[in-house]
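The chain contents come next:
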There are 2 protein chains.
Amino acid sequence: MSGPSRYPWQAPLGALPGPGGTSFRVWAPACDSVSVVHGEDATQLARAGLGVWEGTAPVGAGQDYMFELDGGKRLPDPCSRHQPQGLRGPSRVFDATAYDWRDDGFRARSLDQSVIYELHVGTFTAAGTLDGAIGELERLARLGITAIELMPLAEGPGERGWGYDGVYISSTHHAYGGPAALQRLVDAAHAHGLAVILDVVYNHVGASGAPALEAFGPYFTDRYQTFWGAAINYDDAGCDGVREWVAQSAEGWIRDFHCDGLRLDAIHAIYDQSARHIVAEVAERVHALNPRALVIAESGLNDPRVIRPFALGGFDCDAQWADDFHHALRTLLTGERDGYYADFGTVGDLAKAYRRPFVHDGQYSPYRQRRFGAPAADRPPEQFVIFSQNHDQVGNRAFGDRMPFELRPLAAFCVLLAPFTVLLFMGEEYGEEAPFQFFTDHIDPEIAEATREGRRREFASFAAFAEQVPDPQDPATFRDSMLTRRSHPDYEALYADLLRWRWRLSGEAECVGLDENERWLHLRRGEHQLICNFARQPHTLPVADARLLFATDSCEVVGEEVRVAALAGALLGPGDSRA
Amino acid sequence: MSGPSRYPWQAPLGALPGPGGTSFRVWAPACDSVSVVHGEDATQLARAGLGVWEGTAPVGAGQDYMFELDGGKRLPDPCSRHQPQGLRGPSRVFDATAYDWRDDGFRARSLDQSVIYELHVGTFTAAGTLDGAIGELERLARLGITAIELMPLAEGPGERGWGYDGVYISSTHHAYGGPAALQRLVDAAHAHGLAVILDVVYNHVGASGAPALEAFGPYFTDRYQTFWGAAINYDDAGCDGVREWVAQSAEGWIRDFHCDGLRLDAIHAIYDQSARHIVAEVAERVHALNPRALVIAESGLNDPRVIRPFALGGFDCDAQWADDFHHALRTLLTGERDGYYADFGTVGDLAKAYRRPFVHDGQYSPYRQRRFGAPAADRPPEQFVIFSQNHDQVGNRAFGDRMPFELRPLAAFCVLLAPFTVLLFMGEEYGEEAPFQFFTDHIDPEIAEATREGRRREFASFAAFAEQVPDPQDPATFRDSMLTRRSHPDYEALYADLLRWRWRLSGEAECVGLDENERWLHLRRGEHQLICNFARQPHTLPVADARLLFATDSCEVVGEEVRVAALAGALLGPGDSRA
């Protein structure tokens, strides 16, 4: 971050404590004067050009401050690192360089060697804090997890929530322990050989905080509409300060918190017509700091451009979430056909998803009422992240219920032995029973009510239980989502086994055969064969010269046939004649 | 267009006359029944799936029809080829195959051999028709023009207008003579060795016609906002029918009218998040029909992606308009700094534009209040279309006045000897005096008044003459824009000379030197040198071993110096020692 900067917003934004006080820099083109208010005092900032204000104030790390705009409104720093009293309280100066890192020897694995574990800090442990999560790391590492992915940490409204209502995108939520706690967690994870990926939201901010950003400058644009509110201004007048707010935030997680990657939430809602798309810019700047750092997009576009390199016109993300694989798998397992599941449900869909997970790669989607996606055959399998559970696919259900128990072994088999990058959702690995419900803690009564009402309306078509949908604002909805830690030993063994087998398989998955009526799928990966039986009864099918290596339920090879139990998966290796 | 189609909208839309009547196909997902009404009769169409209706009716070429939706509203065909009674009259069946083409031997030149001539059919000749334009072709061909570019022909409101309010994008305006006249003009152009490029508008439709399209299906989306009205739906539910409406229209101009290229209006207002952008799809489908056909984008994005090939993530347009070159040149010539001219005005800007015309290739634009563009060094010069006049740069001025006479020779010198593809605006080549004003013929009183008022407001800051801004609805504003054909022999000779010299120059333009105070620019192209003097007084500068080949005003080489007249350009070749 040192060296001359070409434009004022390219210099480090936010509060940087130093020996002679803290240097403040804030992009506030909407203002005619900006002061930093600390204790009883205020220090006037000076114009640095193009809407940037800067100055040094006698404030030290750990002390609180706010910006006073035009001698009136006092607001937190858009680049705040810490909001100890919540969304509307003062910002606190954080000395990111004070931590004594012990992770020199750590080196994150590449994607093709990674298994990611998504967790929500608030419900992961009884403490609900970053420090509380440290105690679980050893277990995860032993199981074969290589990276934890933290749901968003940025300060948003209240004391609890999923994190997608965050406003101060560079802060670590006070309820989780603040930024110092994140440094401790990352360091501890690295000590256990675990990488840390952070979920970051650059497509919107929580409505509770939008006015506090708008007071500084044009953070939003009305050129585009997003599902969650005003679109962030990435390509309209004044966008450069917003782009730097985002890009410097991304850099900060990598540089100051030693994060090994970012998961960019819903990039399909990041509208940017610039010659350099902000997602590409974030990827470029993250990779410039650490070429091994991962930038993983959640993209609902089915567009391989997202994960293509710059030179091919891509955004250069290392990977992207591939929901289609989940939908193809889930509809086969459960028979659900509601909403976006309507487009899935055949064994053929899953077979296609095993080649590349874009089931929609150009054909018509009845749910979307349009042709959708493009083929991604040029992208290697590890660039797709697949899962049978994640926060959305569990939590966005009316009751946040996890996959039914009897379906989980086959689901895990299908995911963990696929050639793609795998993501597990916390608790999945030991058969957690607790739901992961949708919970919020909105501090604005109207937003709270709108959220409650929206949730009810979303499930209104299921009239029978619409009234029973948990109230997201009720603290009990949050408490009920805490992991129980009641372990089912069978699942622990299953996941441990599958994670071991996973690394013995190699090569892409090819469909050997399938039957839509009898509901089985037969795949080959190199010299291994996978047989997935989605039927409610056992199935026998011919296999030549094969040996049973592993199965999720009673399966056996007899002569030239394999018998696979109902809702089971079987892994076969070369038979005795070749073994 | 024959052979099996995968989706119903991929079959040919519109009216196709054949021996057993005319086959009709219309995408109308908003309707529960569709009939084709002809004379006193009506023929019910049948569902072909995904919102498409089709059937054959006893109607012949030259007969009129309308679609009746849900037994009520009667509307023209969205794919109409001819609206003989205007925007809201019936559509007429056009037999595109009836014309007896004579252009077998014609082969359009490649871009690097092209000089384009933009014309507005209604004001180009006294007749104001396509047939009327035929008489001018020989003169243009003799001058060295290789392609004419027709401002949009699609049927829009009323009897006159620039064409950017078109609605029936596959039709040829009745006031210009309808589709048969276009075939005659293209054939005549080809006979004179001239290619024909057609300006097409895919970013919005004239507000007068939007409801008549919406009655059929979701032609528009509220996901995006455009400057001119509702954004066309290229990526929201139901977009495929809209995309086919556009893509088949583009194909039709190439296939049925033998057009040699399309100029896509304002693609920066075509919003499309699909994995295949509609502009790329149009380019692909046009090139599939005729690999030599040109797709030229008007793009305000300064994004080289537009003209990169598919394989590099591009839209595969052959070329794009490069307004920055114009602005850099015009501000030097006139000293104007209003509006978007504020970002230009130095000799350095023009020197940069001579390398690649994106003057903004990543730096901050005070006018746009953002960083803008990306470098395009990887794209060859012929992919950029430059001009010193065009319909916008003349017509969007308050009074539509052309460039002042004393500036035109240097402007023409700068444009015609540049390495980019050149576009002239009708009349420019002989020193036309008539303005090209903004004229409309809106048939809806509110739209007429809004247009009038908008025009007044646009120039309100020039309070002195805001009230004198011509009324776009007044027929006199149109009449005053007709070419006078009063030729200034000096200009004719100048253009003829420059067009001859143009083809003797080769290689990219490199800046040898410039002086911001004395306002001269010295360029080299291969063994030729260009000296442009933007000052109001003569300038002498040193040149080694050079010979004067051509100048727009009195210039001479004496010894090791060249003296260039005020506001003049001089072309130098190698001196005697090398010649």
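Residues numbered from 1 in each chain as written. Chains lettered and ligands numbered in written order. Predicted model: local features only at pLDDT ≥ 70, side-chain atom pairs only at ≥ 80, totals over all residues. Heavy atoms only, no water.

Engineer: Provide a residue-level description of the overall build of chain A, including the pertinent values.
Structural biologist: A count of helices and strands for chain A gives 14 helices and 29 strands. What you see for chain A is a C-alpha radius of gyration of 25 Å, in line with the 25 Å of a compact globule of 579 residues. Overall size of chain A, expressed as C-alpha extent along the three principal axes, is 85 × 55 × 45 Å. Taken over 579 residues, chain A has a buried fraction of 62%. Long-range contacts, defined as pairs at least 24 residues apart, comprise 68% of the intrachain contacts of chain A with a sequence gap of at least 6. Roughly 20800 Å² of accessible area belongs to chain A as shown, and the carbon and sulfur atoms make up 49% of that amount. (Helix = DSSP H or I, 4+ residues; strand = E, 2+ residues; numbered from the N terminus. Rg over C-alpha atoms; globule rule 2.2 N^0.38 Å. Buried < 20%, exposed > 50% of the residue type's maximum accessible area, 1.4 Å probe, protein only. Contact = heavy atoms within 4.5 Å. Areas by Shrake-Rupley, 256 points an atom, 1.4 Å probe, with all protein chains shown as cover.)

Engineer: I'd like to hear about the side chain of His391 of chain B, residue by residue, with values.
Structural biologist: Residues and elements named next belong to chain B. With respect to the secondary-structure elements, His391 resides in helix α10 (residues 391-395). What makes His391 buried here is its relative accessible area of 1%. Side chain to side chain, His391 and Tyr164 meet in a polar contact 3.1 Å long. The contacts of His391, once residues within four sequence positions are left out, are Glu118, Met151, Trp162, Tyr164, Asp199, Arg263, Trp321, Asn396, Phe425 and Phe436. (Polar contact = N/O pair within 3.5 Å; in protein donor to acceptor, adjacent residues only side chain to side chain.)

Engineer: Which residues make up the sheet that holds strand β26 (residues 546-551) of chain A, and what values go with them?
Structural biologist: Residue and element names in this part refer to chain A. Read across the open sheet, the five strands follow the order β22-β23-β24-β29-β26; overall the sheet is antiparallel. This sheet does not close on itself; its edge strands, each paired only once, are β22 (510-515) and β26. Averaged over all pairs of adjacent strands, the angle between their axes in this sheet comes to 20°, without regard to strand direction. Relative to strand β29 (residues 568-574), β26 runs antiparallel, the two sharing five bridges. By the bridge assignment for β29, Ala546 is matched with Pro574. Across the sheet, helix α11 (residues 408-416) lies against β24 (528-533), β26 and β29, angled at about 145° from β24, the strand it touches most. Together, β26 and β29 form the strand contacts of helix α14 (residues 489-502), whose direction differs from that of β26 by roughly 135°. (Pairing = 2+ DSSP bridges. Axes fitted to C-alpha atoms, helices over the stretch in contact; angles between N-to-C directions.)

Engineer: Please provide a residue-by-residue account of the interface of chain A and chain B, values included.
Structural biologist: Contacts between the two partners involve 36 residues from chain A and, on the opposite side, 36 residues from chain B. Summed over both sides, the interface between chain A and chain B buries roughly 2800 Å², with carbon and sulfur atoms accounting for 49% of that surface. It is Gln273, Arg370 and Arg371 of chain A that lose the most area in chain A upon contact with chain B, and together they represent 22% of the buried surface on that side. Between the two partners, chain A and chain B, sit zero salt bridges. When residues of the side of chain A that touches chain B are traced back to their parent elements, those giving at least two are β13 (220-226), α6 (239-255) and β19 (370-371) of chain A. Sort the elements by how many residues they give to the side of chain A that touches chain B and β13 of chain A lands first, with four residues. When the residues that make up the side of chain A that touches chain B are grouped by side-chain class, the tally is 14 nonpolar, eleven polar and eleven charged. (Buried area = accessible area lost by both parts, 1.4 Å probe. Salt bridge = Lys/Arg side-chain N within 4 Å of Asp/Glu carboxyl O. Nonpolar A, V, L, I, M, F, W, Y, C, P; charged D, E, K, R; others polar.)

Engineer: Talk me through empty space enclosed by the protein; I want residue IDs and the actual numbers.
Structural biologist: Residues and elements named next belong to chain A. Under the defined criterion, the tally for this structure stands at six cavities of 30 Å³ or more. Of the volumes computed, that of the largest cavity is approximately 90 Å³. In terms of lining residues, the largest cavity is bounded by 13 residues, among which Pro152, Ala154, Ile169, Val200 and Val201 are the most central. (1 Å grid on protein atoms, 1.4 Å probe; cavity = no way out; pocket = protein on both sides within 12 Å on 5 of 7 lines; lining within 4 Å. Points joined across faces, edges and corners; volume = space filled by probe spheres on them.)

Engineer: Would you mind going over the nonpolar core in detail, with residue names and values included?
Structural biologist: If you look at the biggest cluster of nonpolar residues, it comprises 152 residues, and the most contacted ones within it are Leu150 and Tyr202 of chain B. Of the domains in this structure, domain 1 (8-92) and domain 2 (510-574) of chain B are the two that each give at least three residues to this core. Apart from the residues within four sequence positions on either side, Leu150 of chain B is in contact with Leu119, Val121, Leu130, Leu182, Leu185, Val196, Ile197, Leu198 and Asp199 of chain B. Ala181, Val394, Leu505 and Leu530 of chain A belong to the second largest nonpolar core, which has 151 residues in total. (Core = buried A, V, L, I, M, F, W, Y, C linked by side-chain atoms within 4.5 Å. Domains from an automatic or database assignment.)

Engineer: Residue-level account of the environment of Tyr341 of chain B, with values.
Structural biologist: Residue and element names in this part refer to chain B. Examined against the element boundaries, Tyr341 turns out to sit in the loop between α8 (323-334) and α9 (347-355). Placed 96 residues apart in sequence, Tyr341 and Gln437 show a C-alpha to C-alpha distance of 20 Å. If sequence neighbours within four positions are ignored, Tyr341 has contacts with His326, His327, Arg330, Thr331, Glu336, Gln393 and Arg397.

Engineer: Before we move on, can you summarise the pairing of strand β16 (residues 294-297) of chain A with the specific residues and values?
Structural biologist: Residue and element names in this part refer to chain A. By the alternation rule, side chains of β16 split into Leu294 and Ile296 and Val295 and Ala297, which are all buried. Taken together, strand β15 (residues 261-264), helix α7 (residues 278-289) and β16 constitute a β-α-β crossover, and its handedness is right-handed. The pairing of β16 with strand β17 (residues 319-321) spans two bridges and is classified as parallel. Note that in β17 the partner of Ala297 across the bridge is Gln320. (Right-handed = clockwise from strand over helix to strand, strands pointing away.)

Engineer: Let's hear about the relation of the copies chain A and chain B: which residues, and what values?
Structural biologist: Here chain A sits on chain B after a turn of 180° about the axis and a move of 0.0 Å along it, with an RMSD of 0.0 Å. Expressed as an axis order, the relation between the two copies is that of a two-fold axis. Comparing contact sets, 100% of the residues at the interface of chain A also lie at the interface in chain B, consistent with an isologous, same-surface contact. (Least-squares fit on C-alpha atoms with pLDDT ≥ 70 in both.)

Engineer: Give me the packing of aromatic side chains: which residues, what numbers.
Structural biologist: Enumeration over the complete set of coordinates arrives at 60 aromatic pairs over all chains. Relative to Phe478 of chain A, the ring of Phe439 of chain A lies with its centre 5.1 Å away and its plane at 70°, an arrangement referred to as edge-to-face. Here Phe439 of chain A, found in the loop between β21 (421-425) and α12 (445-458), pairs with Phe478 of chain A, found in helix α13 (residues 475-479); they are 39 residues apart in sequence, far enough to count as distant. Following the ring pairs from residue to residue traces out a cluster consisting of Trp162, Phe425, Phe436, Phe438, Phe439 and Phe478 of chain A. For the cation-ring pair, Arg368 of chain B lies above Phe372 of chain B, with the distance from its terminal atom to the ring centre recorded as 3.8 Å. Between the NZ or CZ atom of Arg408 of chain B and the centre of the ring of Phe405 of chain B, over which it lies, the distance is 4.1 Å. (Phe/Tyr/Trp six-rings, centres within 6.5 Å; stacked < 30°, edge-to-face > 60°. Lys NZ or Arg CZ within 6 Å of the ring centre and 35° of its normal.)

Engineer: Residue-level account of the packing of helix α8 (residues 323-334) of chain A against α11 of chain A, with values.
Structural biologist: Residues and elements named next belong to chain A. Packing of α8 against α11 leaves a shortest axis separation of 11 Å and a crossing angle of 150°. Classified by the angle between their axes, α8 and α11 sit roughly antiparallel to one another. The two elements α8 and α11 meet at a crossing, and its hand is right-handed. Between α8 and α11, the residues in contact are Phe325, Leu329 and Leu333 and Leu410, Ala411, Cys414 and Val415, respectively. Split by residue class, the contact of α8 with α11 holds seven nonpolar, no polar and no charged. (Parallel < 35°, antiparallel > 145°, perpendicular 65-115°, else oblique. Left-handed = near helix turned anticlockwise from the far one by under 90°.)

Engineer: Tell me about the confidence of the model for chain A, residues and numbers included.
Structural biologist: Looking at chain A as a whole, the pLDDT averages 95, with 98% of positions reaching at least 70. Confidence estimates for the predicted assembly give a pTM of 0.95 and an ipTM of 0.93. (pLDDT = per-residue confidence, 0-100.)

Engineer: Please provide a residue-by-residue account of the pattern of salt bridges, values included.
Structural biologist: Following the criterion strictly, the structure yields 79 salt bridges over all chains and no others. A salt bridge links Arg74 of chain B to Glu68 of chain B; its shortest N-O distance comes to 2.8 Å. In this structure, the salt-bridge partner of Arg88 of chain B is Asp444 of chain B, at a minimum N-O distance of 2.9 Å. Of this pair, Arg88 of chain B sits in the loop between β8 (74-75) and β9 (91-92) while Asp444 of chain B sits in the loop between β21 (421-425) and α12 (445-458), placing them 356 residues apart in sequence. Taking relative accessible area as the criterion, Asp444 of chain B reaches 13% and is therefore assigned buried. Each of Arg243, Glu244, Glu251, Asp272, Arg276, Glu281, Glu284 and Arg285 of chain A takes part in one network of salt bridges that share partners.

Engineer: With reference to specific residues and values, describe the environment of His287 of chain A.
Structural biologist: Residues and elements named next belong to chain A. Looking at the secondary structure, you find His287 in helix α7. Taking relative accessible area as the criterion, His287 reaches 14% and is therefore assigned buried. Sequence separation of His287 and Cys317 is 30 residues, and the distance between their C-alpha atoms is 9.6 Å. Beyond its immediate sequence surroundings of up to four residues, His287 is in contact with Ala293, Val295, Asp316 and Asp318.

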